[in-house]
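Residue strings, one per chain:
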Amino acid sequence: MKRDFRKSTVYQIYPKSFCDTNGDGLGDLRGVINKLDYIKELGVDYIWLTPFFVSPQNDNGYDVEDYYNIDPRYGTMADVEELIAEADKRGIRLMFDMVFNHVSTNHEWFQKAMAGDPYYKDFFFFRKGKTDGSAPTNWESKFGGSAWEYVEKFDEYYLHLFDVTQADLNWDNENVRKEVQKILRFWMDKGVKGFRFDVINLISKEAFEDDTAGDGRRFYTDGPNIHKYLKELNEATFGTDAEIVTVGEMSSTSIENCYQYAGRDTHELSMVFSFHHLKVDFMGNEKWVLVPVDFGKLKHIMFEWQTKMAEHNAWNAVFWCNHDQPRPVSRFGDEGKYWKESAKMLGTIVHCLRGTPYVYQGEEIGMTNTDFTDISQFRDVESLNYYQILQDKGLSASDALRIVQIHSRDNGRTPMQWDASEYAGFTAADGTEPWIGVNSNHIRVNAAEQLSDPDSIFHYYRKLIALRKELDVIAYGGITPLAEKDPCVFAYEREYDGHKLIVACNFYGKDYEWKGAPDVSGYKRVIGNYSAETTPENGVWKMRPYEAAVWYR
Ligand code: GLC
Ligand code: CA
């Protein structure tokens, strides 16, 4: 059966934090199999699984040591095959997460390079330092510190845009590209029908020069051969199977490049993740600061991507979060009094947009940021590095901790909250303590509770996902922003084949009178987060805190 990704929704699983079936404190693939009925109930079409290949886990699997085998901590090849088959029985397909910008320094390619084999040295970027012996360029690693690591025996440095144990692959070497194709075909033969490509727009590196105006990213982001390499990959692998859906993670990209990456007829990828809308609480590109969310900027960026990608027949992945982001209800909504209303409001905005929505595990039950109070509770390499870097810059330990609490990727990585029991049902209560602490609010925020409550966030997400299947206007319609300058309202209109959809949300936790609201007479409210329906009267809509409503005609 051919499915249409425009009508589909993807559910992202971070297996390490999803469900632990053997009591070792780490989530595993059998845990995903055990929860397939839960995922099916939500109504999604694809599961994106973050990497579970053999890895030293310095970056939780984004440091791959062997692309053809399963890390025993997650399970076995038999588990993967069973997962694909069991998901298929439920009409759900698997999307694997392929990390091809870099490999773990434990990977045999890198090991052979370090042993001096020139064939494999050319799989990586080994470069001489400057004449004074310092690193070849001043580029910074995305996890902090220099992007170059010195290797004494070669008197050379190798490039790592991420952790020092994640060595960047040289895609200009055709042999690297051939190896990547081989890996993809291996997984396609196993029945995998989707791929997410990790930081894929960083694979084509340009000149190795000092960046006097930034951290180096302009020399390797959306690089000179990127479109050529993606077209080649498409043609040699997934492009031969029309059922395969692909999404590229595009780091610091430009919209012009995304028209190409995700164009309807450009033969690169099905869609893209871009992140500009998730930097509205940064200072420029600087994430490790405390800056309130700039709502005007958020709307501006989201509408720009919506309308321009539509104009260019290109397709967005739409989302608020993933395993690298804080929890949206904590970031953009309210964890307290209006927890439920704000979580539903945020879901409404994303699920009615033009694009394929992604739900990250726990988002559908309104999971919040961690409640960690001590740095020893954090696990993420990036967070731990920056905790130190911030103090080296002169911040006090408590100020550094505050910033880490707000921005840490661990906010999205605490165990999935299945029930109110000791470890939230993530691991058996008599098992080993989970690898990362469970949020104490699991007593209140958990899946068991929400499955049995028809008014829960879970059931609201279920309805949103079903609505995209029911109403063609959501999947196929054009988009027109509304209330662009309004300080509180996030609203837009969709239109397709004579049908219209109006989506209106109060982004804040206070009553608000929206003047200039559209006339919805003749429309039917198809979903909303308050049971008592109200509508605009004479161009004014009295919105309740975090109110969201969707009208259809
Ligand atoms: C992507 C992943 C992130 C990882 C990084 C390096 O951004 O989502 O988790 O650390 O790439 O692979
Ligand atoms: Ca386990």
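Caption draft 1: Spatial organisation of the sheet that holds strand 16 (residues 478-482). One open sheet accounts for 5 strands, arranged 16-17-18-22-20; its pairing is antiparallel. Edge positions in the sheet fall to strand 16 and strand 20 (524-528), since each has one partner strand and no second. Here the strands of the sheet are splayed against their neighbours by 20° on average, with no regard to which way each runs. Taken together, the 5 bridges between strand 16 and strand 17 (residues 489-496) define a ladder with antiparallel strand orientation. Residue pairing in the sheet places I479 in a bridge with R494 of strand 17. Where helix 11 (residues 339-351) meets the sheet, it contacts strand 17, strand 18 (499-506) and strand 22 (548-552), and its direction lies at approximately 145° from that of strand 18. Along the sheet, helix 15 (residues 457-470) contacts strand 20 and strand 22; its crossing angle with strand 20, the most-contacted strand, is approximately 135°.

Caption draft 2: Highlighting the sheet that holds strand 13 (residues 271-273). In space, the 8 strands of this open sheet follow the order 13-12-11-5-2-1-15-14, with parallel pairing throughout. Edge positions in the open sheet fall to strand 13 and strand 14 (317-318), since each of these has one partner strand only. In this sheet, strand 12 (residues 245-249) lies alongside strand 11 (residues 194-197) in parallel orientation, the contact comprising 4 bridges. Its bridge partner being in strand 12, F195 is matched across the sheet by T246.

Caption draft 3: Representation of the coordination of the calcium ion (ligand 2) within the structure. Looking at the metal site, the calcium ion (ligand 2) is ligated by D20 (OD), N22 (OD1), D24 (OD), L26 (O) and D28 (OD), spaced 2.3 Å from it. Each donor residue of the calcium ion (ligand 2) belongs to the same chain, with the gaps between them written as D-x1-N-x1-D-x1-L-x1-D. Of the residues examined, D24 reaches a relative accessible area of 29% and is grouped as partly exposed. For L26, a relative accessible area of 17% corresponds to the buried category.

Caption draft 4: Spatial organisation of the site of ligand 1. Taken together, 14 residues surround ligand 1, and among them D59, D198, E249, H323 and D324 come closest. D198 has a polar side-chain atom sitting 2.8 Å from an oxygen atom of ligand 1. Within the side chain of R409, an N or O atom sits 2.9 Å from an oxygen atom of ligand 1. The fraction of the free accessible surface of ligand 1 (310 Å²) that becomes covered by protein chains is 96%.

The rules behind each value
- Residues numbered from 1 in each chain as written.
- Chains lettered and ligands numbered in written order.
- Predicted model: local features only at pLDDT ≥ 70, side-chain atom pairs only at ≥ 80, totals over all residues.
- Heavy atoms only, no water.
- Pairing = 2+ DSSP bridges.
- Helix = DSSP H or I, 4+ residues; strand = E, 2+ residues; numbered from the N terminus.
- Axes fitted to C-alpha atoms, helices over the stretch in contact; angles between N-to-C directions.
- Contact = heavy atoms within 4.5 Å.
- Donors = N, O, S within 2.8 Å, 3.2 Å for Na, K, Ca; no water.
- Buried < 20%, exposed > 50% of the residue type's maximum accessible area, 1.4 Å probe, protein only.
- Near = heavy atom within 4 Å.
- Polar contact = N/O pair within 3.5 Å; in protein donor to acceptor, adjacent residues only side chain to side chain.
- Areas by Shrake-Rupley, 256 points an atom, 1.4 Å probe, with all protein chains shown as cover.

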